[in-house]
Amino acid sequence: MERQEIEIFLTLAEELHFGRTADRVGVSQSRVSQTVARLERRIGARLFERTSRQVTLTPIGEQLRDDVAPAWRSVEEAVARAMAAGRGITGTLRIGFSGAFTGHLLHSIAEAFGRRYPGVDVPIRQVQISDPYGPLRAGDIELQVTEPPVAEPDLTLGPVLLSQPRVLLMSSAHPFARRDAVSVEDLAEATLLTVGGSVPAHWLDHHFPRQTPSGRPIPHGQAITHWEDALSLVLAGKGVTPVAAAGAQYYSRPGLVFKPFTDAPRIDYAFIWPAGHETARLRAFVHVAMERVREAGGPTRAVESLWAEEGGDA
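Think of each chain on its own: its residues are numbered from 1, step by step along the sequence as written. Predicted model: local features are reported for residues with pLDDT of at least 70 only, side-chain atom pairs are reported and counted for 80 or more only, and whole-chain, interface and lining totals are derived from all residues. Based on all heavy atoms of the structure, the side-chain values leave hydrogens and waters out of the count.

Participant: Got a minute to help me understand the overall build of the protein in this structure?
Facilitator: Secondary structure assignment for the protein yields 11 helices and 14 strands. Taking the principal axes of its C-alpha atoms as reference, the protein extends roughly 65 × 45 × 35 Å. Burial here depends on accessible area, computed with a 1.4 Å probe over protein chains only, as a share of the maximum for the residue type. Under 20% is buried, over 50% is exposed, and the range in between is partly exposed. Relative to its full complement of 314 residues, the protein shows a buried share of 48%. Whether two residues are in contact is decided by their heavy atoms: any pair within 4.5 Å suffices. Long-range contacts, defined as pairs at least 24 residues apart, comprise 73% of the intrachain contacts of the protein with a sequence gap of at least 6. In the form shown here, the protein has an accessible surface area of approximately 15,000 Å², with 49% of it arising from carbon and sulfur atoms. Put simply, the protein has 33 plus and 37 minus side-chain charges, and the middle of one group is 3 Å from the middle of the other. In this description a helix means any DSSP run of H or I spanning at least four residues, a strand means any run of E spanning at least two, and both kinds are numbered starting from the N terminus. What sets the accessible areas is the Shrake-Rupley method with a 1.4 Å probe; for residues, cover comes only from the shown protein chains. Neither His nor the chain ends contribute to the count of charged residues, in which Lys and Arg are positive and Asp and Glu negative. By convention, the charge on Lys lies at NZ, on Arg at CZ, on Asp at CG and on Glu at CD.

Participant: Even after reading the chapter, I still don't get the sheet that holds strand E12 (residues 241–244), so can you show me in this structure?
Facilitator: The strands making up a sheet associate through hydrogen bonds between their backbones, and the pairing can be parallel or antiparallel. Ordered in space as E12-E9-E13, the three strands form an open sheet in which the pairing is antiparallel. The outermost strands of the open sheet, each flanked by one partner alone, are E12 and strand E13 (256–260). The average angle at which neighbouring strand axes cross in this sheet is 40 degrees, direction not considered. Here a strand pair is declared whenever DSSP counts at least two bridges between the two strands. Bridge count for strand E9 (residues 166–171) against E12 is four bridges, and the pairing is antiparallel. Each axis is a line fitted through C-alpha atoms, and for a helix only the stretch in contact is used; angles between axes span 0 to 180 degrees, taken between their N-to-C directions.

Participant: Quick question: what am I supposed to make of the pairing of strand E7 (residues 143–146) here?
Facilitator: Remark: a regular strand shows side chains that alternate across the two faces of the sheet. Here E7 shows no split at all, with Leu143 and Val145 on one side and Gln144 and Thr146 on the other all buried. In terms of strand pairing, strand E4 (residues 95–97) meets E7 through three bridges, oriented parallel. Residue Phe97 lies in a different strand from E7, and its bridge partner there is Val145.

Participant: Got a minute to help me understand the pattern of salt bridges in this structure?
Facilitator: Close approach of charged atoms allows side chains with opposite charge to pair. One side-chain nitrogen of Lys or Arg within 4 Å of one carboxyl oxygen of Asp or Glu is enough to make a salt bridge. Tallied over the full model, the rule gives 17 salt bridges. With a shortest N-O distance of 2.9 Å, Arg42 and Glu5 are connected by a salt bridge. Residue Arg42 is located in helix H3 (residues 29–43), and its partner Glu5 is located in helix H1 (residues 3–15); the two are separated by 37 residues in the primary sequence. Take Arg42: its relative accessible area is 48%, and that puts it in the partly exposed class. Across the salt bridge formed by Arg179 and Glu189, the nearest N and O atoms sit 3.6 Å from each other.

Participant: Help me out: how do you make sense of the nonpolar core in this one?
Facilitator: A general feature of soluble globular proteins is that nonpolar side chains tend to end up buried together. In plain words, nonpolar cores are sets of buried Ala, Val, Leu, Ile, Met, Phe, Trp, Tyr and Cys residues tied together by side-chain atoms within 4.5 Å. Core analysis: the biggest nonpolar cluster contains 37 residues, and Leu168, Leu169, Met170, Leu187, Trp227 and Phe258 have the highest contact counts within it. Contributing elements (two or more residues each) for this core: E9, strand E10 (192–195), helix H8 (227–235) and E13. Among the elements that make up this core, the one with the highest residue count is H8 (five residues). Once residues lying within four places of it in the same chain are set aside, the contact partners of Leu169 are Trp227, Leu231, Val234, Val240, Thr241, Val243, Leu256, Val257 and Phe258. In this structure, Leu106, Ile109, Tyr269 and Leu282 belong to the second largest nonpolar core, which totals 35 residues.

Participant: How do you make sense of the pairing of strand E11 (residues 220–224) when you look at a structure like this?
Facilitator: Two elements, E10 and E11, share three bridges in a ladder whose sense is parallel. For Val195, the partnering residue across the bridge sits in E11 and is Ile224. Viewed along the sheet, the connection from E10 through helix H7 (residues 201–207) into E11 turns out right-handed. Handedness of a crossover is defined as follows: orient the strands so they point away from the viewer, and if the path from the first strand over the helix to the second runs clockwise, the crossover is right-handed.

Participant: When you look at the side chain of Ser98 in this model, what are you seeing that I'm missing?
Facilitator: Within the element layout of this structure, Ser98 appears in the loop between E4 and helix H5 (100–116). Residue classification places Ser98 among the buried positions, given a relative accessible area of 9%. Two N or O atoms form a polar contact when they lie within 3.5 Å of each other; inside protein one atom must be a possible hydrogen donor and the other a possible acceptor, and for residues adjacent in sequence the pair counts only when both atoms belong to side chains. Separated by 3.0 Å, the side chains of Ser98 and Glu147 make a polar contact. Residue contacts for Ser98: discarding those within four places in its chain leaves Val127, Val145, Thr146, Glu147 and Tyr269.

Participant: Would you take a moment to explain the packing of aromatic side chains for this structure?
Facilitator: Aromatic ring pairs are defined here through the distance separating the ring centres and the angle between the ring planes. Each Phe, Tyr or Trp ring (for Trp, its six-membered ring) is paired with any other whose centre lies within 6.5 Å, and the angle between the two planes then decides the class: stacked below 30 degrees, edge-to-face above 60, tilted in between. Applying the stated criterion to the full structure yields eight aromatic pairs. Summarising the aromatic geometry, the rings of Phe113 and Tyr117 are spaced 4.9 Å apart at their centres and angled 35 degrees between planes, so their arrangement reads as tilted. Using a relative accessible area of 0% as the deciding quantity, one classes Phe113 as buried. The exposure class assigned to Tyr117 is buried, which follows from its relative accessible area of 9%. Grouping aromatic residues by their ring pairs yields a cluster made of Phe113, Tyr117, Phe271 and Phe285.

See the structure below:
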């Protein structure tokens, strides 16, 4: 199999869509179809079942994918290491995150990155929610994963690493705890814990609104500066707060309840970095990260896929 044939086959096996495969590989859709047909003639069996609605791998296609993919990744990593040496991708890339599950995912990505770029050290640290951009601006970290919106002229917003349903964290004694789900409109009947510190107003308004969609005021309670404060305040019945659904895997404890929203937008977590400071190390890490995300099925499945790889333990 030629290099492009392998790339097209493995990409189609992942995307199961001819158009998206063509876009990712950078060829026409007809080239993808021709390549697959040529491979099937050579092998003597169908690799994909195609209908007007879906594309699926045949058992032989699955076998070929499982046999070829590990070897292909090894080749890509070997080429990347050689390119990294040639381009001088070495040194230290300091990365920050906001949320335990985000850090968990970044550590997993860093392992894959280290196999491809062994000359780069990747220390990873948590950034406090009360000063979301301070370490980045101070140069203590070079790359960060955080929740948009980011409307800061000195910061560049990169691709979304993961996306989570928004849920409401509350005490098991709260009246909402008896419901199956909540709506944003319900927040008018609760006290919403918010975030204090050097946090942009537009970010607060997005994640901690002051009124419901119908215009009813939402009572705001204490502003927290550390995530652990939110857990203790919620347990004490001082308020509720929106969080990502994955937080239930990390912060679950007796007395805490996580209820899904029926109408709130998802919480995205995207890469950001200082404008004008996009280094080769940074670009390489983001590239490897987004490869992992695509392999996992996209930003909405990134965390769940990681847990599955590790046996379901958070």
